[in-house]
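Coordinate analysis (summary)
Below are the chains, spelled out letter by letter.
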Amino acid sequence: MSEKTLLLVEDNQDDVDLTLHCFKKNNIQNDIVVVRDGAEALEYLFGSCEHNDKEQELPMLVLLDLKLPKVSGLDVLRRIRSDPHTKRLPVVILTASNQEKDRAGGYDGGANSYICKPVDLDHFSEAVRQLGLYWLLLNQPPPPLVVNKTST
Amino acid sequence: MPHGHCYVWMPGLVWLHQLSDGLITVSYYSIPITLAYFAKKRADLPYRWVFLMFCAFIVACGTTHLMEIVTLHVPYYWVSGSVKAMTAVLSITTAIVLIFLTPKALTLRSDVELAALAREEARFRRVIESTPNSIVLVDKEQKIVLVNAQAERLFGYTRQELIGRPIALLIPERYRQKHPEYMTSYFSAPATRPMGAGRDLFGLHKEGHEIPIEIGLSPIETEEGAHVLASIIDIAERKRAETQVRELNESLERRVVERTAQLTAANKELEAFSYSVSHDLRAPLRGIDGFSQIVLENHADRLDPEGIAQLRRVRASAKRMGSLIDDLLEFSRLTRADMRWQKVHLSELVEEVVREQRERDPMRRVQCVIAPQIFVQGDPRLLRIALENLIGNAWKFTSRQQEAVVEFGSQQKDGQAIYFVRDNGAGFNMEHTGQLFGAFQRLHSVDEFPGNGIGLATVQRIIHRHAGRIWAEGKPGLGAAFYFTLGIGGEEPL
């Protein structure tokens, strides 16, 4: 798995397709792993079964929707921040909501950024372009955390 | 030798003595009868026994005169002497008694004094009878000594039924046991206890029901010993009123709780609704716009120009709906946002809004007349939104005017400040004022003047949240004026 993997947590297929379209249009070549709900996201990050055998590589960035089936985006965020292995992982909330409550919840939960998806695809595409530029090129990633795992 | 010899039996002289003594005797015998009759009839007379002494002494005197007549003819001088001796004893006794009695008799009230006393008592009686309170005087034996008409009415007894009866008669069974103790302790340390100094009490009516009362107590020392004067008021009416007020308060509180719960529930629903709108209604729009755009990008070669134009219209519609949703969400947020009351410099706020308008639209020439030093109580954030909309509208609707004028000021009417934003723009027909403040209601087409029709609805909601009113005046082509009040005199409503 590439070190430059992106994790997209999004339940709406249209939004997944449009997001991928925008990435492609803006020549962002990174692997994009798509998971469709909060539970899948947790499974991917904390590896319950198939990723269990080896030390899990973390994605470079998580694009997290808030309103998700099973486990909500904020709960996923809370899990990420509370686990020593993932607590520095950059998380950008990418959601339809511009509600104050959600923004507050996102930042309180430790999100690194909060982006409200515009209706207009041109605007959305521009947002994705800037997002890729900033988080994948400009932003310096956090140093990897060495976690002393107790033998299990 | 009879006395007649001394008068040498001169008929004139004998008859003079005989007739005089006879008349005196008759008088002296009749006076005691009258006195005795008087004394018997006036049982209340003080020193009645003195009258008896007078009777005896006068009868004795009469008898001596009778003996004079007898001794004129027959010389019973021993008998007449004895009668005289008896009269002397009675006279001396009476005289001595009188000497001792006089100082005492002098203390007796004269008629004038008695009349004054009677008037005094009548006045006292009237005072007692006319006080609005019920009065009950109780002696140390806890017997009723005096009551007034109000007490009769309150307890349902006549005064004849009450005087001399134990006070317990007027006390409900459940307090009777304790009451003598209270009385005893009260008499041991008597003090005036004012009305309302403490507990609610109950009296017992003749018909057996209890009467809520309040009692004031005053100790009274009289010749007959210590008494307690109880001044009683019937508080049934007050109790009823109190109960009513309490019930009203309770029902009001209950209703407030219910309404608050309903309101909270409604607000929660509204919030859930907004949340859902915000999340779910926008997503399909993004799909509509996004995939239309992708079709335009990737498959334009397979569409004719009309198809391309129609797809563009699909995109425009989706975007417009997105902006409507945003406005709607903002509008509902304004309704729910907490009010932060403070003093607001409204004139300065208008200046700021105008400055921003000018920066946004540097090509426009608009003359702005802003009344200085207008201060109000309100939420500055909300008032700013309201003014942005009002000034923004004035700006927008004067866009076709050569000499655009926008005015802000205030005027006083009936002691209330009325604020206004006036322009000389497109105006409107007064027939349509009803639609003016409705959400998404527009009087002009979007092509003519752009907008979603949410501005004035927002303004109205903000003014309503300030407990104010808003209304508009206008004429097509001659401009519009929007008037609003903020609370009562611009003060924070209670």
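In this text, all values refer to a predicted model and were calculated from it rather than measured experimentally. (Residues numbered from 1 in each chain as written. Chains lettered and ligands numbered in written order. Predicted model: local features only at pLDDT ≥ 70, side-chain atom pairs only at ≥ 80, totals over all residues. Heavy atoms only, no water.)

This paragraph deals with the overall build of chain B. A tally of regular secondary structure across chain B gives 14 helices and 12 strands. Counting every position in chain B, which comprises 494 residues, the buried fraction comes to 36%. Sequence separation of 24 or more characterises 61% of the internal contacts of chain B that already satisfy a separation of 6 or more. Carbon and sulfur atoms provide 59% of the accessible area of chain B, an area that totals close to 29700 Å². (Helix = DSSP H or I, 4+ residues; strand = E, 2+ residues; numbered from the N terminus. Buried < 20%, exposed > 50% of the residue type's maximum accessible area, 1.4 Å probe, protein only. Contact = heavy atoms within 4.5 Å. Areas by Shrake-Rupley, 256 points an atom, 1.4 Å probe, with all protein chains shown as cover.)

Glancing now at the overall build of chain A. On a plain count of helices and strands, chain A comes out with five helices and five strands. Each helix and strand of chain A, placed in order from N terminus to C terminus, yields the pattern β-α-β-α-β-α-β-α-β-α. Across the 152 residues of chain A, 47% fall into the buried class. Of the roughly 7900 Å² of accessible surface on chain A, 50% is carried by carbon and sulfur atoms.

Right, let's talk about the sheet that holds strand 2 (residues 32-35) of chain A for a bit. Residue and element names in this part refer to chain A. Strands sit in the order 2-1-3-4-5 across an open sheet of five strands; the sheet is parallel. Each edge of the sheet is formed by a strand with only one pairing partner; in this case those strands are strand 2 and strand 5 (113-116). Averaged over neighbouring strand pairs, the angle between their axes works out to 20° when direction is ignored. Sheet topology places strand 4 (residues 91-95) next to strand 5; four bridges connect them, and they run parallel. Pairing of Thr95 across the sheet is with Cys116, part of strand 5. (Pairing = 2+ DSSP bridges. Axes fitted to C-alpha atoms, helices over the stretch in contact; angles between N-to-C directions.)

With that out of the way, let us pick up the sheet that holds strand 12 (residues 479-484) of chain B. Pairing between the strands of a sheet comes from backbone hydrogen bonds, and it takes one of two forms, parallel or antiparallel. Residues and elements named next belong to chain B. Judged by pairing direction, the sheet is mixed, and its five strands sit side by side in the order 7-9-10-12-11 without closing on themselves. Sheet topology places strand 7 (366-370) and strand 11 (470-475) at the edges, where each strand pairs with a single neighbour. Direction aside, neighbouring strands of the sheet carry axes that sit 15° apart on average. Sheet topology note: the strand 7/strand 9 (residues 404-413) ladder contains five bridges and is parallel. Bridge assignment links Ile370 to a residue of strand 9, and that residue is Phe408. The strands that helix 11 (residues 346-360) touches are strand 7, strand 9 and strand 10 (416-423); relative to strand 7, the one it contacts most, it runs at about 170°.

Across the boundary between the two partners, chain A contributes 24 residues, which contact 25 residues of chain B. Each partner contributes to the roughly 2000 Å² buried at the junction of chain A and chain B, and carbon and sulfur atoms together form 54% of this total. By the criterion of area lost to chain B, the three top residues of chain A are A:Lys67, A:Gln99 and A:Val119, representing 31% of everything that side buries. Across the chain A-chain B interface, the total number found is five salt bridges. There are 10 residue pairs in polar contact (both at pLDDT 80 or more) connecting chain A and chain B. Elements supplying a minimum of two residues to the side of chain A that touches chain B: helix 1 (13-25), helix 4 (100-108) and helix 5 (121-138) of chain A. (Buried area = accessible area lost by both parts, 1.4 Å probe. Salt bridge = Lys/Arg side-chain N within 4 Å of Asp/Glu carboxyl O. Polar contact = N/O pair within 3.5 Å; in protein donor to acceptor, adjacent residues only side chain to side chain.)

With that out of the way, let us pick up the pairing of strand 4 of chain A. All names here are of chain A. Among the five residues of strand 4, five are classified as buried, and the element is accordingly described as predominantly covered. The side-chain alternation of strand 4 yields two buried faces, one formed by Val91, Ile93 and Thr95 and the other by Val92 and Leu94. Where strand 3 (residues 61-64) lies against strand 4, three bridges are found, and the strand directions are parallel. The residue bridging Val62 from the neighbouring strand is Val91, located in strand 4. Handedness of the crossover joining strand 3 and strand 4 through helix 3 (residues 73-82) is recorded here as right-handed. Where the polypeptide runs from strand 4 across helix 4 and back to strand 5, its parallel neighbour, the crossover connection is right-handed. (Right-handed = clockwise from strand over helix to strand, strands pointing away.)

Any two packed helices are characterised by the angle at which their axes cross and by the distance between the axes. Residues and elements named next belong to chain A. Closest axis-to-axis distance for the helix 1/helix 5 pair is 9 Å, and the angle between their directions is 60°. The pairing of helix 1 with helix 5 is recorded here as oblique in orientation. Where helix 1 crosses over helix 5, the two elements pack in a sense that is right-handed. Residue-level inspection shows Leu18, Thr19, His21, Cys22, Phe23 and Lys25 of helix 1 in contact with helix 5, the latter providing Leu121, Phe124, Ser125 and Val128. A breakdown of the residues in the contact of helix 1 with helix 5 according to their chemical character gives six nonpolar, three polar and one charged. (Parallel < 35°, antiparallel > 145°, perpendicular 65-115°, else oblique. Left-handed = near helix turned anticlockwise from the far one by under 90°. Nonpolar A, V, L, I, M, F, W, Y, C, P; charged D, E, K, R; others polar.)

Looking at where A:Ser113 falls in the secondary structure, it is placed in strand 5. The residues touching A:Ser113, leaving out its near neighbours within four places in the chain, are A:Val91, A:Val92, A:Ile93, A:Tyr107 and A:Trp135.

A few words now on the pattern of salt bridges. Residue and element names in this part refer to chain B. Taken as a whole and judged by the stated rule, the model has 27 salt bridges over all chains. Here Arg240 and Glu237 are joined by a salt bridge, their closest N and O atoms 2.8 Å apart. Placement of both Arg240 and Glu237 in helix 9 (residues 236-298) is noted, with a separation of three residues, approximately one turn of the helix. Considered together, Arg240 and Glu237 belong to a single accessibility category, that of exposed residues.

Turning our attention to the packing of helix 2 (residues 48-73) of chain B against helix 3 (residues 77-106) of chain B. Residue and element names in this part refer to chain B. Contact geometry for helix 2 and helix 3: axes closest at 9 Å, N-to-C directions at 155°. Here helix 2 lies roughly antiparallel to helix 3, going by the angle between them. As helix 2 packs across helix 3, the resulting crossing turns out to be left-handed. In terms of residue class, the contact of helix 2 with helix 3 is built from 16 nonpolar, eight polar and two charged.

Quick look at helix 4 of chain A now. Two residues of an α-helix separated by three or four positions point the same way, owing to the 3.6 residues in each turn. If you check which residues of helix 4 of chain A are buried, you get A:Asp102, A:Gly105 and A:Gly106. The arc that holds the buried residues of helix 4 of chain A, viewed along the axis, is 100°, so those residues lie on one side. Exposed and facing more than 90 degrees away from the buried side of helix 4 of chain A are A:Glu100 and A:Asp108. Tucked into the core, helix 4 of chain A has its buried residues touching helix 3, strand 4 and strand 5 of chain A together with helix 9 of chain B. A positive backbone phi angle near 95° is found at A:Gly110, which sits one or two residues after helix 4 of chain A. (Arc of directions from axis to C-beta.)

Phi at A:Lys70 takes a positive value of approximately 70°, unusual for a residue other than glycine. Residue position: A:Lys70 is located in the loop between strand 3 and helix 3. Take A:Lys70: its relative accessible area is 72%, and that puts it in the exposed class. Of note in this structure, B:Ala467 is not a glycine but carries a positive phi near 55°. Structurally, the position occupied by B:Ala467 is in the loop between helix 14 (455-465) and strand 11.

With that out of the way, let us pick up the nonpolar core. All names here are of chain B. Core analysis: the biggest nonpolar cluster contains 40 residues, and Leu346, Phe408, Tyr419 and Phe482 have the highest contact counts within it. Breaking this core down by element, the ones donating at least two residues are helix 11, strand 7, helix 12 (380-397), strand 9, strand 10, helix 14, strand 11 and strand 12. Looking at this core, the element that brings in the most residues is helix 12, giving nine residues. Residues contacting Phe408, with those up to four places away along its chain left out, are Leu346, Ser347, Val350, Val369, Ile370, Ala371, Ile374, Tyr419, Phe420 and Val421. Counting residues in hydrophobic clusters, the runner-up holds 25 residues, among them Val138, Leu162, Leu217 and Ala230. (Core = buried A, V, L, I, M, F, W, Y, C linked by side-chain atoms within 4.5 Å.)

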